[in-house]
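If you want the building blocks of each chain, they are given just below.
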Amino acid sequence: MQIKIKEGIIKENILFIFLAALLMAAAVLQLTIPLTKFFSFEYSVVNSILITFFISIITIQNLHKKNPESYRDFNTGTASNLFLFFIIPLIIAFINTVLKNQCPFYHGLPYYFTIVFPAIFVGRGIGIFVFCAIRRFRSIGLIFVYLLILTIPLIEFYLNPQVYFYNPIFSFFPGNIYDESIRVDVTLITYRLINLIFFESIAVIYFLSKKIEFRRGIIVIYTLITSLIFIILSPYLGFSTNMERIKRKLPVSEETANIRFHYGNERTKKEMSYSTFEAEYYYHELSEYYKTEPDKKIDAFVFKDSGEKRDIFGAGNADVAKPWMNQIYLSEQTLNRTLKHEMSHVFTSKFGKYVFEVADKINPVLIEGIATASEGFYDDYPLHYLAFQAYKNGYLTELPELFSGLNFFAKASSSSYLTSGSFVKFLVDKYGIEKFKLLYRDIDFMKHYGKDIATLNKEYIEFISIQDFPSNKAVANYYFGRKGLIQKNCPRYISEKTEEIFELIAKRNYLDAKEIISELELKNTSWALTYAMIECNQGLGEIRSCLRYIENKETTYKGTAYEEILAIRKADMLFLDDQTDKAMNILVNILSTSSVHRVYFLAKTRIILSEKMVIKEYIMGNEETRAHIFKKIFLQTSNISLIPAIQDKINYQDKKNDWILEVVLKGTVKNNYEKYALIKLSELLARQGNYGKAKQILDKAKKPEGECIFNELLKSVELKLLRLSEGKTQLQNE
């Protein structure tokens with residue numbers, strides 16, 4: 001008798017048992033996949049998607065077979081099943097956390113409860129809606145409705161100026177550009193509460209209207225009208241962004257023949273003018289490069305910082321283009337670095353594919369490769385120069401590997417962008433832009449080039465290998481010795497705690513910051529944590545302790561992008577410990593490696609300040625103190641190597657600072673790094689509207705003549721300045 005009862009229970013719940021087993025298998029599988037393997041945001045999102053669908057199925061079955069009489073009966077009959085669906089992924093995540101000792105379990109709980117718990121009610125609401133709206137083939141109907149809700153963000157992504165989405169099934173998507181910093185904030189909690197209330201209200205209305213003849217129609221009409229009202233109100237609630245919302249935030253516009261900028265109220269007229277002149281120059285350059293141009297003006301939206309950009313558009317830490325909309329989204333801090341790259345993405349829409357007008361199969365190597373190739377530089381170095389360093393020092397990725405799967409994202413972004421850009425530049429230079437356009441729409445190398453990717457990879461490697469550049473291990477390590485996105489451990493947890501650490505450091509609460517760092521470093525290696533610990537030790541005056549800490553980290557960062565930066569911080573501590581000779585030896589050694597420009601200037605600046613006996617004041621000083629020291633020492637030495645350290649702190653539009661430019665013009669350019677410093681100073685002066693002085697500084701950078709890795713950059717900036725100064729009046733009249 002008992003066996004028959006058990007068999008009956010199993011038979012009655014066979015669908016639930018099957019779905020629960022499927023959910024368990026999916027949760028286990030997630031623990032083997034990058035990003036979802038940590039109990040964090042992505043794990044909760046995936047389980048929300050699954051649980052919503054499974055509960056919809058169970059709800060339809062329950063209404064069809066059991067036909068509960070009341071809302072209470074409905075809840076009683078499904079409560080245990082719903083609880084099990086909710087708890088299964090949670091238990092698996094807990095076991096995994098205990099066994100692997102990765103991210104703290106508590107870190108994932110806010111994500112899980114905020115995202116997954118409301119999914120129970122969303123699933124019930126969808127199930128009731130489908131049960132009422134569709135009388136036959138409900139399984140097919142459920143799949144249709146479910147997929148329709150899931151794809152609503154694609155419509156928002158296509159039509160609206162945003163890359164983030166709120167959705168009742170998966171809750172929130174921060175954008176197509178990965179951002180480690182996602183918090184459970186008031187907006188997300190509010191959205192999920194609205195989801196919970198709305199979808200559960202469908203169940204309440206369904207049972208309250210049980211005796212009404214047209215209750216199925218009432219449910220359908222209520223659901224559709226309420227959803228429509230929510231969509232209309234969404235931009236005002238902060239759950240989406242339409243053009244009206246973005247223009248309220250960026251009300252100032254500056255327009256030329258081919259581009260329209262949208263700014264906040266912070267920019268000066270001169271700054272806006274330069275950006276539009278520069279954009280127009282890039283527009284004509286890209287027109288020549290691609291042999292085509294967009295059908296309408298490019299709209300450029302420039303946010304004051306990454307925080308404002310994240311709130312309004314999404315993707316706070318990356319600039320983005322929407323080629324099909326002729327729109328690009330930038331921030332003030334990155335505008336001058338990424339403007340041409342993002343404009344290039346708009347140009348590629350002319351030969352792009354699909355509704356989004358991008359590369360075939362949405363291939364990131366081609367999408368980012370051609371935009372990077374059109375610039376010709378990466379961080380002011382020629383693309384092939386950096387690719388050569390990668391090749392000579394064992395970093396260069398084989399192209400068949402880079403084109404495969406998610407390998408573009410498995411590498412550090414600098415590595416993927418550089419390799420893609422260099423390879424695409426090679427293809428365009430050798431075979432022409434027209435062949436590449438065909439490849440962009442149809443990734444078939446044999447069809448368009450008569451060679452497969454392996455053969456073209458061999459040609460490219462041969463081309464890179466014979467470039468006439470000196471090999472430089474330090475440069476290779478700096479750009480290629482970084483971890484990729486899917487190689488990081490607990491990225492969201494580390495990002496969240498790192499933000500907290502630097503907030504504590506800003507408040508000079510070094511002891512609490514150190515405590516958090518020490519806890520994190522038991523399981524993770526992160527340059528941000530290492531840098532923060534050095535800052536804490538310095539702030540507490542624990543110099544000897546800091547030196548021991550740095551020495552323990554030297555092996556960890558050997559051969560990485562941070563090896564020389566760590567060495568510079570070690571030199572700082574040695575200066576503070578009165579071990580000046582050892583500190584100077586470290587800095588001189590860095591100069592001898594011909595490292596990247598910014599590392600060279602960090603080391604050279606410290607040498608100059610040490611010789612002038614002000615190095616300790618500099619290391620311990622705030623920004624204002626450091627600016628004063630730089631001005632004073634620059635006046636004494638006329639050393640051009642100090643220019644990068646002070647140029648961001650100087651307003652050259654102020655006549656009181658003219659003496660700095662006079663000193664520069666009287667000084668002597670001693671090496672290629674100082675030539676680079678003058679090139680960047682020239683660009684800064686042009687941005688501030690001083691084209692005459694910009695040209696004088698650039699002329700100074702031409703001497704001494706001879707081979708220099710920055711000669712290509714110099715020619716590029718010189719041509720840009722010439723075009724901008726010649727076309728300034730014309731552009732203003734257009």
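Residues numbered from 1 in each chain as written. Predicted model: local features only at pLDDT ≥ 70, side-chain atom pairs only at ≥ 80, totals over all residues. Heavy atoms only, no water.

**A few points about the state of the cysteines**
Move 1: By the definition in use, this model includes zero disulfides.
Move 2: With no disulfide of its own, Cys536 lies 9.5 Å from the sulfur of Cys546, the closest cysteine sulfur. (Disulfide = S-S within 2.5 Å.)

**Here's the deal with the pairing of strand E7 (residues 327-331)**
Move 1: Taking burial as the measure, the five residues of E7 include five buried ones, the bulk of the element.
Move 2: Here E7 shows a buried face lined by Gln327, Tyr329 and Ser331 and a second buried face lined by Ile328 and Leu330.
Move 3: The hairpin formed by strand E6 (residues 320-322) and E7 contains four residues between the paired strands, and Asn326 there has a positive phi angle of roughly 55 degrees. (Buried < 20%, exposed > 50% of the residue type's maximum accessible area, 1.4 Å probe, protein only. Helix = DSSP H or I, 4+ residues; strand = E, 2+ residues; numbered from the N terminus. Pairing = 2+ DSSP bridges.)

**What about the nonpolar core?**
Move 1: Grouped together as the largest cluster of nonpolar side chains are 167 residues, with contacts concentrated most on Met343, Phe423, Phe436 and Phe445.
Move 2: Looking at this core, the element that brings in the most residues is helix H11 (residues 269-290), giving nine residues.
Move 3: Not counting residues within four places of it along the chain, the set of residues in contact with Phe423 comprises Leu399, Phe403, Phe445, Ile453, Leu456 and Tyr460.
Move 4: Counting 38 residues, the second-largest nonpolar core is a separate cluster that includes Ala20, Ile55, Tyr166 and Leu188. (Core = buried A, V, L, I, M, F, W, Y, C linked by side-chain atoms within 4.5 Å. Contact = heavy atoms within 4.5 Å.)

**A short note on empty space enclosed by the protein**
Move 1: In the structure shown here, the tally under the stated rule is one cavity of 30 Å³ or more.
Move 2: Taken as a whole, the largest cavity holds about 40 Å³ of empty space.
Move 3: Lining the largest cavity are Lys37, Phe38, Phe39, Asn96, Thr97, Gln102, Cys103 and Pro104.
Move 4: For the lining of the largest cavity, the per-class residue count stands at four nonpolar, three polar and one charged. (1 Å grid on protein atoms, 1.4 Å probe; cavity = no way out; pocket = protein on both sides within 12 Å on 5 of 7 lines; lining within 4 Å. Points joined across faces, edges and corners; volume = space filled by probe spheres on them. Nonpolar A, V, L, I, M, F, W, Y, C, P; charged D, E, K, R; others polar.)

**Here we look at the sheet that holds strand E4 (residues 259-263)**
To summarise the sheet geometry, strands pair through backbone hydrogen bonds and adopt either a parallel or an antiparallel arrangement.
Move 1: Pairing is mixed across the open sheet formed by five strands, whose spatial order is E3-E4-E5-E7-E6. Both edges of this open sheet fall to strand E3 (252-255) and E6, since each of them pairs with a single strand only. Here the average twist between neighbouring strands, direction ignored, is 20 degrees.
Move 2: Against the sheet, helix H13 (residues 335-348) touches E4, strand E5 (298-303), E6 and E7, its axis set at about 165 degrees to E7. (Axes fitted to C-alpha atoms, helices over the stretch in contact; angles between N-to-C directions.)

**Regarding the pattern of salt bridges**
Move 1: Scanning the model with the defined rule gives 36 salt bridges in all.
Move 2: With its nearest N and O atoms 3.2 Å apart, the salt bridge here joins Asp442 to Lys447.
Move 3: Between Lys616 and Asp578 there is a salt bridge, with the nearest N and O atoms lying 2.4 Å from each other. With a gap of 38 residues between them, Lys616 in helix H30 (residues 615-620) and Asp578 in the loop between helix H27 (563-576) and helix H28 (580-592) connect regions that are remote in the sequence. (Salt bridge = Lys/Arg side-chain N within 4 Å of Asp/Glu carboxyl O.)

**Re the layout of surface pockets**
Move 1: When its volume is computed, the second largest pocket comes out at roughly 850 Å³.
Move 2: Secondary structure elements with two or more residues in the lining of the second largest pocket: helix H6 (117-133), helix H7 (138-159), strand E1 (165-167), helix H8 (186-208) and helix H9 (215-237).
Move 3: Looking at the lining of the second largest pocket, its residues break down into 22 nonpolar, nine polar and one charged.

**Some thoughts on the packing of aromatic side chains**
Move 1: Following the criterion strictly, the structure yields 69 aromatic pairs and no others.
Move 2: Taking the centre distance of 5.1 Å and the plane angle of 80 degrees together, the rings of Phe94 and Phe105 count as edge-to-face. You can see Phe94 sitting in helix H4 (residues 71-100) and its partner Phe105 sitting in helix H5 (residues 105-115), a full 11 residues away along the chain.
Move 3: Residue Phe94 is classed as partly exposed on the basis of its relative accessible area of 43%.
Move 4: For the ring pair Tyr290 and Phe347, a centre distance of 6.0 Å and an interplane angle of 20 degrees mean the geometry is stacked. One end of the pair, Tyr290, is in helix H11; the other, Phe347, is in helix H13, and 57 residues separate them in sequence.
Move 5: Accessibility expressed as a relative area gives 0% for Phe347, which makes it buried.
Move 6: Taken together through their ring pairs, the aromatic side chains of Tyr378, Tyr381, Tyr385, Phe388, Phe469, Tyr478, Tyr479, Tyr600, Phe601, Tyr673, Tyr676 and Phe710 make up a single cluster.
Move 7: Over the ring of Phe157 we find Lys322, and its NZ or CZ is 4.6 Å from the ring centre. (Phe/Tyr/Trp six-rings, centres within 6.5 Å; stacked < 30°, edge-to-face > 60°. Lys NZ or Arg CZ within 6 Å of the ring centre and 35° of its normal.)

**Brief notes about the confidence of the model for the protein chain**
Move 1: Summary statistics for the protein chain give a mean pLDDT of 88 and a share of 93% for residues scoring 70 or more.
Move 2: Per-element averaging of pLDDT across the protein chain places helix H1 (residues 2-12) at the bottom with 51 and helix H19 (residues 433-441) at the top with 96. (pLDDT = per-residue confidence, 0-100.)

**With respect to helix H33 (residues 658-666)**
Move 1: Taken together, the buried positions of H33 are Ile660, Leu661, Val663 and Val664. Each buried residue of H33 sits inside an arc of 160 degrees when the element is viewed along its axis, so together they form one side.
Move 2: Summarising the contacts, the buried residues of H33 are in contact with helix H31 (623-637), helix H32 (643-647), helix H34 (672-687) and helix H35 (691-701). (Arc of directions from axis to C-beta.)

**Description of a nonpolar patch on the surface**
Move 1: On the surface, a nonpolar cluster with roughly 800 Å² of combined accessible area is contributed by Ile221, Ile225, Leu228, Ile229, Ile232, Leu233, Tyr236 and Leu237.
Move 2: Within the fold, Leu237 resides in helix H9. (Patch = residues over 30% accessible without salt bridge, like charges linked within 9 Å, V, L, I, M, F, W, Y side chains within 5 Å. Areas by Shrake-Rupley, 256 points an atom, 1.4 Å probe, with all protein chains shown as cover.)

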